[in-house]
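Listed here are the chains, written in short residue letters.
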Amino acid sequence: MEPIEMTLQITVDCAEPQRLVRFWAEALRYVPQPPPEGYASWRAYWEALGVPEEELTEGAGDLPESIVDPKGVGPRVWFQKVPEPKAVKNRVHLDLKVGGGRDVPLALRRERVDGEVARLTALGATILYAMDEPHGMDYYAVVLQDPEGNEFCVA
């Protein structure tokens, strides 16, 4: 069997795609994904592909609903509008690794993490708690929520 080519997309169910596009584009240093060349919007592109109107919710694709890494390295992130609200803790979350790993002194990692947490809270994230292991453990991270309550870590 011939191997298939695969790419990774992260999909986030949400109530307000544009709110999360703005937050996560800044948080990840990504950019909103423009529509394919020759199309004024993603909606126009989807309509040209023949996606039925009943599958396109009001406003879907009028503005970008996904973000991409401008360096082309990280995965595409799509913010999919869904009718139901978030009800429980995420079973999958993102780790934004800014500390540099255990080869970096804990004090410097803490400074880097706290600096990134300050940047993200200014963008609209909420701090839930710090994971600061006492008793000789060499670990520090902060758990936050995005503007719709999705948990993520900065480590």
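Placed above this text is the structure.
This is a predicted model, so every value here is computed, not measured.

J.: Pulling in residues and values, what's your account of the nonpolar core?
T.: Considering soluble globular proteins, one finds that nonpolar side chains tend to be buried as a cluster. Ranked by size, the top nonpolar core spans 22 residues in total, and within it W24, I67, F79, L120, F152 and V154 carry the most contacts. If you list the elements that add at least two residues to this core, you get β1 (9-14), α1 (17-28), β4 (76-81), α3 (106-123), β7 (140-145) and β8 (151-154). Take this core: its biggest share by element is six residues, from α1. What L120 contacts, discounting residues up to four positions off in sequence, is F23, A27, L96, A125, F152 and V154.

J.: Could you give an account of the packing of aromatic side chains, with specific residues and numbers?
T.: Applying the stated criterion across every chain, the model contains six aromatic pairs. Centroid distance W24 to F152: 4.8 Å. Interplanar angle 70°. Geometry classified as edge-to-face. You can see W24 sitting in helix α1 and its partner F152 sitting in strand β8, a full 128 residues away along the chain. With respect to burial, W24 and F152 carry one shared label: buried. With centroids separated by 5.2 Å and ring planes inclined at 80°, the aromatic side chains of Y39 and Y45 adopt a geometry described as edge-to-face. The rings of Y39, W42, Y45 and W46 are connected pair by pair, giving a single aromatic cluster. Between R76 and the ring centre of W42, over which it is positioned, the NZ or CZ distance is 5.7 Å.

J.: Before we move on, could you go through the packing of α1 against α3 and cite the residues and values that matter?
T.: The contact between α1 and α3 brings their axes to 10 Å, and the two run at 160°. As summarised for this structure, α1 and α3 are arranged roughly antiparallel, according to the angle between their axes. Here the hand of the crossing between α1 and α3 comes out right-handed. Along the contact surface, α1 presents F23, E26 and A27, while α3 presents E116, R119, L120 and L123. A breakdown of the residues in the contact of α1 with α3 according to their chemical character gives four nonpolar, no polar and three charged.

J.: An account of the sheet that holds β1 is requested, with residue identities and associated values reported.
T.: Strand pairing in a sheet relies on backbone hydrogen bonds, with the paired strands running either antiparallel or parallel. Spatially, four strands are ordered β1-β4-β3-β2 in an open sheet, and the strand pairing comes out mixed. Two strands in the sheet have a free side with no partner beyond their single neighbour: β1 and β2 (31-32). Two elements, β2 and strand β3 (residues 66-68), share two bridges in a ladder whose sense is antiparallel. Residue pairing in the sheet places P32 in a bridge with I67 of β3.

J.: Tell me about the pairing of β7, residues and numbers included.
T.: Within β7, five of the six residues are buried, which leaves the element mostly enclosed by the surrounding structure. Bridge count between strand β6 (residues 126-132) and β7: six bridges; the pairing is antiparallel. Looking at β7, one finds that I127 is bridged to L144. Relative to β8, β7 is paired through four bridges, and the arrangement is antiparallel. Bridge assignment links V143 to a residue of β8, and that residue is C153. Hairpin connection of β7 to β8: five residues between the antiparallel strands, including G149 at a positive phi of 95°.

J.: Just give me the short version of the side chain of S66, but keep the residues and values in it.
T.: In this fold, S66 is placed in strand β3. Of note is the side chain of S66, whose polar atom sits 2.8 Å from the side chain of Q33. Of note is the side chain of S66, whose polar atom sits 3.1 Å from the side chain of R76. Sequence-distant contacts of S66, that is, excluding residues within four places in its chain, are made with V21, V31, P32, Q33, R76, V77 and W78.

Scoring rules and cut-offs
What you see as residue numbers is a count from 1 along each chain, following the sequence as written. Local features are withheld for residues below a pLDDT of 70 in this predicted model, meaning they are given only at 70 or higher, and side-chain atom pairs are given and counted only at 80 or more; totals for whole chains, interfaces and linings count all residues. Side-chain measures were taken over the full set of non-hydrogen atoms in the model, leaving aside hydrogen atoms and water. Put simply, buried Ala, Val, Leu, Ile, Met, Phe, Trp, Tyr and Cys residues joined by side-chain atoms within 4.5 Å make one nonpolar core. Residue burial is assigned from relative accessible area. The probe radius is 1.4 Å, only protein chains are included, and a residue is buried under 20% of its type maximum, exposed over 50%, and partly exposed in between. Comment: elements are numbered from the N terminus, with helices defined as DSSP H or I runs of at least four residues and strands as E runs of at least two. Whether two residues touch is decided by their heavy atoms; if any such pair falls within 4.5 Å, the residues are in contact. Between the rings of Phe, Tyr and Trp (Trp by its six-membered ring), a pair exists once the centres lie within 6.5 Å; its type follows the angle of the planes, with under 30 degrees stacked, over 60 edge-to-face, and the other angles tilted. Note on criteria: charge over ring means Lys NZ or Arg CZ within 6 Å of the ring centre, with the direction from the centre no more than 35 degrees off the ring normal. What counts as an axis is a line fitted to C-alpha atoms, over the stretch in contact for a helix, and the angles between N-to-C directions run from 0 to 180 degrees. Roughly parallel refers to an angle under 35 degrees, roughly antiparallel to one over 145, roughly perpendicular to one between 65 and 115, and oblique to any angle outside these ranges. By definition, turning the near helix anticlockwise from the far helix through less than a right angle yields a left-handed crossing, and turning it clockwise yields a right-handed one. Charged means Asp, Glu, Lys or Arg here, nonpolar means Ala, Val, Leu, Ile, Met, Phe, Trp, Tyr, Cys or Pro, and polar covers whatever is left, Gly included. In this description, strands pair whenever DSSP reports at least two bridges between them. Polar contact criterion, stated in full: a pair of N or O atoms within 3.5 Å, where within protein one must be able to donate a hydrogen and the other to accept it, and residues adjacent in sequence count only if both atoms are side-chain atoms.

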